[in-house]
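Here is what each chain is made of, one letter per residue.
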Amino acid sequence: MSTFPVLMIVSAVTLLFLFRLVRKHKRDSSKSYPKGSMGFLPVIGESLSFVNAHKANRGQEWVEERVAKYGPIFKTSLMGGPTVFITGRAGTKFVLGAETEVLAPRQPFTIAAIMGKHNLFEVSGTKRYKPLRRAMMSFLKPDILQGHTKLMDNMVKARIDNETKGKDTITTISFMKKLTFHVASQILFGIADDSTEEALYKEFGYCFEAMWSAPFNFPGTTFRKGIQARKRIVNTMLPIMEKRKEQIKKGTLNPMNDVLSCMLSLETEAAENGDHEEPITMNEVIDNFVALMIASHDSSAAVLTWVIWKLAKDREIYDNVVREQMSIIEERKQRQEGGGEADGLIWGDVSKMKYTWRVVQEVVRVIPPFFGSFRTAIKDTSYGGYDIPKGWQVFWVAFSTHMNNDIFNDPAKFDPSRFDSKSNIIPPYSYLAFGAGHHICIGLEFARVEALVVLHHMVTKFEWSLVNSDEKLTRLALPYPEMGLPINLISRSSC
Ligand code: HEM
């Protein structure tokens, strides 16, 4: 065969390639990208240096170094992709207030694989986001949660009594993880059977580890163990969900019983009514069960652990919290004597725990459970004079407003009174412990009630001291005490 046609084809392809390259270069050189370093290694970029700094609780320094060098908007390469960090209140407002059609939350590969492709974080920016969020919110709104306060109170009290019986030391993080998992299982998901809860607790433990592991799906890897655990979770939950769907259909189960039933009832209703909105599918319910369990219990456990730490460190704050909680007990006694509500906390009691809640808010201002999080540009966009091309990641950072002197006066000082809304107004997009804008945490009210109920029982039952007074903070995604925060418990009856 003559070589001429082959040469012609090769030349044409080469010319086309060169033409495209020049066009791309021209296009790119007309763009203005933020300053910054993409690291030396392709794909890895600056991921290792960021993750190491983050783990050692030097994430803030890592960001501040780059802000000093490149400005409040800088580029880097993280988790396999070009990433723009946007700091400060106006920048945070841009990121968190952006429509999901422009910037959508997307999780790194390992997290998305564990939570499933239909989870709320992954589907934002698609038409499935709104019906799913609505289904969850129908249970998580305050007027529905009110009805569950008593049950939560009984459950928390019983679990704390049981888990501390005969013990004078507990490891706070594992104690709180089990407690918040228990509350989430029963109240959020209606799982009342202890052995199912225990089995799920173990499986979710593998899932957590896998979410932050290297994405290698080979036998024996942490990621593979998480994927297998997820499969077992699905196998455990599917028959439970099928049974519950039947009960809702027959009218023997109130769909407002828990968030899982809310999602299942929408599936049932939409399927029966032939609604034009596509019904929520079983796959969507299961993925969002996994995502909600992960979103709900670990963050609450981390927050409670740091509040316990703070209360052990700061006697004045601790005394103020104790005073408020003891007054709730006093009021309850008076209520009972007057023939009112029987034993136990009710919604009205929780609403009075204003100081304790301000302490929690201040703890998560100083130690935000989420350092920040990713968005992905769904289309080309720009901010602050810089272009952000489609596909690039954008990262918002909580401390950049939490530690800003212009927003929080003397930000290094621990001062719960900043959250007293009568004397202070915190500008929008400044306090980011629970996010802000379109994706603000839907579990905030649940987390608030849970934290207050747990703290009520802890401070009215015990005094405590830290086993290691200088325990360090380490971060995976969430902030954990390096040694799990062991504390010595002294029962109040023996104080
Ligand atoms: C103290 C505990 C909690 C903290 C600190 C927390 C924090 C956050 C933050 C910072 C976000 C925003 C993430 C972003 O914009 O990228 C968020 C979103 C979310 N949280 Fe929470 N959360 C907590 C408890 C809960 C609970 C109890 C639930 C469920 C019952 C929950 C469910 C969610 C969901 C589903 C979203 C995504 C909302 C959306 O994209 O529309 N969280 N949370």
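Residues numbered from 1 in each chain as written. Predicted model: local features only at pLDDT ≥ 70, side-chain atom pairs only at ≥ 80, totals over all residues. Heavy atoms only, no water.

Trainee: Could you clarify how one ought to interpret the overall build of the chain in this entry?
Mentor: Counting its secondary structure elements, the chain contains 19 helices and 12 strands. The C-alpha atoms of the chain give 25 Å as radius of gyration, which agrees with the globular expectation for 495 residues (23 Å, within 12%). Projected onto the principal axes, the alpha-carbon positions of the chain cover approximately 100 × 60 × 45 Å. Within the chain, contacts between residues separated by at least 24 positions form 70% of all contacts whose residues are at least 6 apart in sequence. For the chain, the accessible area works out to roughly 23900 Å², and carbon and sulfur atoms hold 56% of it. Taking the average place of the 62 positive charges on the side chains of the chain and the average place of its 54 negative ones, the gap between the two points comes to 6 Å. (Helix = DSSP H or I, 4+ residues; strand = E, 2+ residues; numbered from the N terminus. Rg over C-alpha atoms; globule rule 2.2 N^0.38 Å. Contact = heavy atoms within 4.5 Å. Areas by Shrake-Rupley, 256 points an atom, 1.4 Å probe, with all protein chains shown as cover. Lys, Arg positive; Asp, Glu negative; His and termini not counted. Charge placed at Lys NZ, Arg CZ, Asp CG, Glu CD.)

Trainee: How should I be thinking about the site of the ligand in this particular structure?
Mentor: Near the ligand there are 26 residues, and of these Tyr129, Arg133, Ser373, Arg375 and Cys441 occur at the shortest range. The contact in question runs from an oxygen atom of the ligand to an N or O atom on the side chain of Tyr129, over 2.4 Å. Within the side chain of Arg133, an N or O atom sits 2.4 Å from an oxygen atom of the ligand. Where the shell around the ligand is concerned, the elements lending two or more residues are helix H6 (120-123), helix H7 (129-140), helix H14 (282-313), strand E5 (372-377) and helix H19 (444-461). With 6 residues, H14 is the largest single contributor of residues to the shell around the ligand. (Near = heavy atom within 4 Å. Polar contact = N/O pair within 3.5 Å; in protein donor to acceptor, adjacent residues only side chain to side chain.)

Trainee: How do you make sense of the UniProt feature "binding site: heme" (unreviewed entry) in the chain when you look at a structure like this?
Mentor: In the numbering used here, UniProt assigns the feature "binding site: heme" (unreviewed entry) to Cys441. With respect to the helices and strands, the residue Cys441 is situated in the loop between helix H18 (399-402) and H19. You can call Cys441 partly exposed: its relative accessible area is 33%. (UniProt positions renumbered as here; feature names shortened; annotations may be inferred. Buried < 20%, exposed > 50% of the residue type's maximum accessible area, 1.4 Å probe, protein only.)

Trainee: Explanation requested: the packing of helix H2 (residues 47-55) against helix H3 (residues 59-70) in the structure shown.
Mentor: In a pair of packed helices, the angle between the axes and the distance between the axes together describe the arrangement. Close contact between H2 and H3 brings their axes to 7 Å; oriented N to C, the two are set at 135 degrees. By the angle between their directions, the pair H2 and H3 is classed as oblique. Residue-level inspection shows Ser49, Phe50, Ala53 and His54 of H2 in contact with H3, the latter providing Gly59, Trp62 and Arg66. By residue class, the composition of the contact of H2 with H3 is 3 nonpolar, 3 polar and 1 charged. (Axes fitted to C-alpha atoms, helices over the stretch in contact; angles between N-to-C directions. Parallel < 35°, antiparallel > 145°, perpendicular 65-115°, else oblique. Nonpolar A, V, L, I, M, F, W, Y, C, P; charged D, E, K, R; others polar.)

Trainee: How do you make sense of the pattern of salt bridges when you look at a structure like this?
Mentor: Opposite charge on two side chains permits pairing when their charged atoms draw close. The full count for this structure, using the stated rule, is 23 salt bridges. The partner of Asp161 in a salt bridge is Lys157, with the nearest N and O atoms 3.2 Å apart. Of this pair, Asp161 and Lys157 both sit in helix H9 (residues 149-164), separated by 4 residues, roughly a single helical turn. The partly exposed category is assigned to Lys157, whose relative accessible area is 39%. Put simply, Glu242 and Lys245 hold a salt bridge, and the shortest N to O gap is 3.8 Å. In this pair, Glu242 and Lys245 are both assigned in helix H12 (residues 222-250), 3 residues apart and thus about one turn of the helix distant. Overall, Glu242 belongs to the partly exposed group, its relative accessible area being 40%. Within the structure, one salt-bridge network assembled from shared partners comprises Arg315, Asp319, Glu463 and Arg492. (Salt bridge = Lys/Arg side-chain N within 4 Å of Asp/Glu carboxyl O.)

Trainee: I would appreciate a short explanation of the pairing of E5 in the present structure.
Mentor: Burial within E5 is extensive, with 5 of its 6 residues counted as buried. Sheet analysis places strand E3 (residues 103-104) next to E5, joined by 2 bridges and oriented antiparallel. Residue pairing for E5: Leu103 is matched across the bridge by Ala377. Direction of pairing for E5 relative to strand E8 (residues 393-397): antiparallel, over a ladder of 5 bridges. From the neighbouring strand, Arg375 faces E8, where its bridge partner is Val394. (Pairing = 2+ DSSP bridges.)

Trainee: It is not clear to me how the side chain of Glu445 should be interpreted in this structure. Could you clarify?
Mentor: Here Glu445 lies in helix H19. Within the structure, the side chain of Glu445 is placed 2.8 Å from the side chain of Arg448, a separation counted as a polar contact. Aside from chain neighbours lying at most four places away, what touches Glu445 is Leu140, Pro142, Leu145 and Trp347.

Trainee: When you look at the packing of H12 against H14 in this model, what are you seeing that I'm missing?
Mentor: Between H12 and H14, the least distance of the axes is 10 Å, while the angle of their chain directions is 120 degrees. Between H12 and H14, the angle falls in the class oblique. Note that H12 runs across H14; the crossing there is right-handed. Of H14, the residues touching H12 (which contributes Arg230, Ile233, Val234, Met237, Leu238, Met241, Glu242 and Lys245) are Met282, Val285, Ile286, Asp287, Phe289 and Val290. (Left-handed = near helix turned anticlockwise from the far one by under 90°.)

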